[in-house]
Amino acid sequence: MSVPTTVTTTAPAKPLIIGGLAAAAVAAAATAALAAAGDFAGISLAVGGVPIPVSGFALLTVIFSVVGLVLALVLARSARRPRAAFVRITIVLAALSLVPDVLADASAATKALLMLTHVVAAAIVIPAVARRLSA
């Protein structure tokens, strides 16, 4: 008598990790370049009177991209439709990441620049990771 088995297939983790880290690096470079361009154009990078270094944009982009990558790895193993779940969750998180920028003690131009860096990072990382997840 044979016992029925359930077979679950998941995307291999290695391509997801490599692709996610590559996207994080590209996004970090893009947000740092955007911040540097804004600074060069005269947009203050100060929030609450404390300047954010251009490298800070890159560092935080990498940190939160890795958090997203960990989320993708968890969803790849646990979600029935990991790509759809990842895209939905990360779009909501990206939208929520704009709230502190709106509330920041900064000029309107600085707030807009901060929000643009979030959108650029999300536009790079979310699709790059999502395409490596099972539909």
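Quick caveat: nothing in here was measured; it's all calculated off a predicted structure.

1. With respect to the environment of Ala94
Then comes step 1: With respect to the element layout, Ala94 can be found in helix H3 (residues 82-103).
Then comes step 2: For the pair Ala94 and His118, spaced 24 residues apart in sequence, the C-alpha separation works out to 7.0 Å.

2. Notes on the nonpolar core
Then comes step 1: Counting residues in each nonpolar core, the largest one holds 17 residues, and the members touching the most others are Leu16, Ala72, Phe86, Val125, Val129 and Leu133.
Then comes step 2: Every element with two or more residues in this core is listed here: helix H1 (13-40), helix H2 (54-78), H3 and helix H4 (108-130).
Then comes step 3: Considering each element in turn, this core owes the most residues, seven residues, to H4.
Then comes step 4: In contact with Leu16, not counting residues within four places along its chain, are Leu69, Ala72, Leu73, Ala76, Val129, Arg132 and Leu133.
Then comes step 5: One finds Ala35, Leu45, Phe57 and Leu113 within the second-largest nonpolar core, a separate group that totals five residues.

3. What about the packing of H1 against H2?
Then comes step 1: At a minimum axis distance of 8 Å, the contact between H1 and H2 shows a crossing angle of 155°. Comparing the axis directions of H1 and H2 gives the class roughly antiparallel. Considering only the axes of H1 and H2, their crossing is right-handed. Within the contact between the two elements, H1 uses Ala13, Leu16, Ile17, Gly20, Leu21, Ala24, Ala27, Ala28, Thr31, Ala32, Ala35 and Ala36 and H2 uses Val54, Phe57, Ala58, Thr61, Val62, Ser65, Val66, Leu69, Ala72, Leu73 and Ala76.

4. Points about H3
Then comes step 1: With 22 residues, H3 ought to run about 32 Å at 1.5 Å a step, and its terminal C-alpha atoms sit 32 Å apart, in line with that.
Then comes step 2: Turning to H3, its buried residues number three or more, namely Pro82, Ala84, Ala85, Phe86, Thr90 and Asp101.
Then comes step 3: For H3, the secondary structure elements touched by its buried residues are H2 and H4.

5. A short note on the confidence of the model for the protein chain
Then comes step 1: Of all residues in the protein chain, 92% have pLDDT values of 70 or greater, and the mean over the chain is 93.
Then comes step 2: When pLDDT is averaged over each element of the protein chain, H4 comes out on top at 98 and strand S2 (residues 50-51) at the bottom at 96.

6. Describing H2
Then comes step 1: Here H2 contains 25 residues, and its C-alpha end-to-end distance of 37 Å stays within 8% of the 36 Å for a straight helix at 1.5 Å per residue.
Then comes step 2: When H2 is considered as a whole, its buried residues turn out to be Gly56, Phe57, Ala58, Thr61, Ser65, Gly68, Leu69, Ala72, Leu75 and Ala76.
Then comes step 3: Contact partners of the buried residues in H2: H1, H3 and H4.

What counts and how
Residues numbered from 1 in each chain as written. Predicted model: local features only at pLDDT ≥ 70, side-chain atom pairs only at ≥ 80, totals over all residues. Heavy atoms only, no water. Helix = DSSP H or I, 4+ residues; strand = E, 2+ residues; numbered from the N terminus. Core = buried A, V, L, I, M, F, W, Y, C linked by side-chain atoms within 4.5 Å. Buried < 20%, exposed > 50% of the residue type's maximum accessible area, 1.4 Å probe, protein only. Contact = heavy atoms within 4.5 Å. Axes fitted to C-alpha atoms, helices over the stretch in contact; angles between N-to-C directions. Parallel < 35°, antiparallel > 145°, perpendicular 65-115°, else oblique. Left-handed = near helix turned anticlockwise from the far one by under 90°. Expected span 1.5 Å × (residues − 1). pLDDT = per-residue confidence, 0-100.

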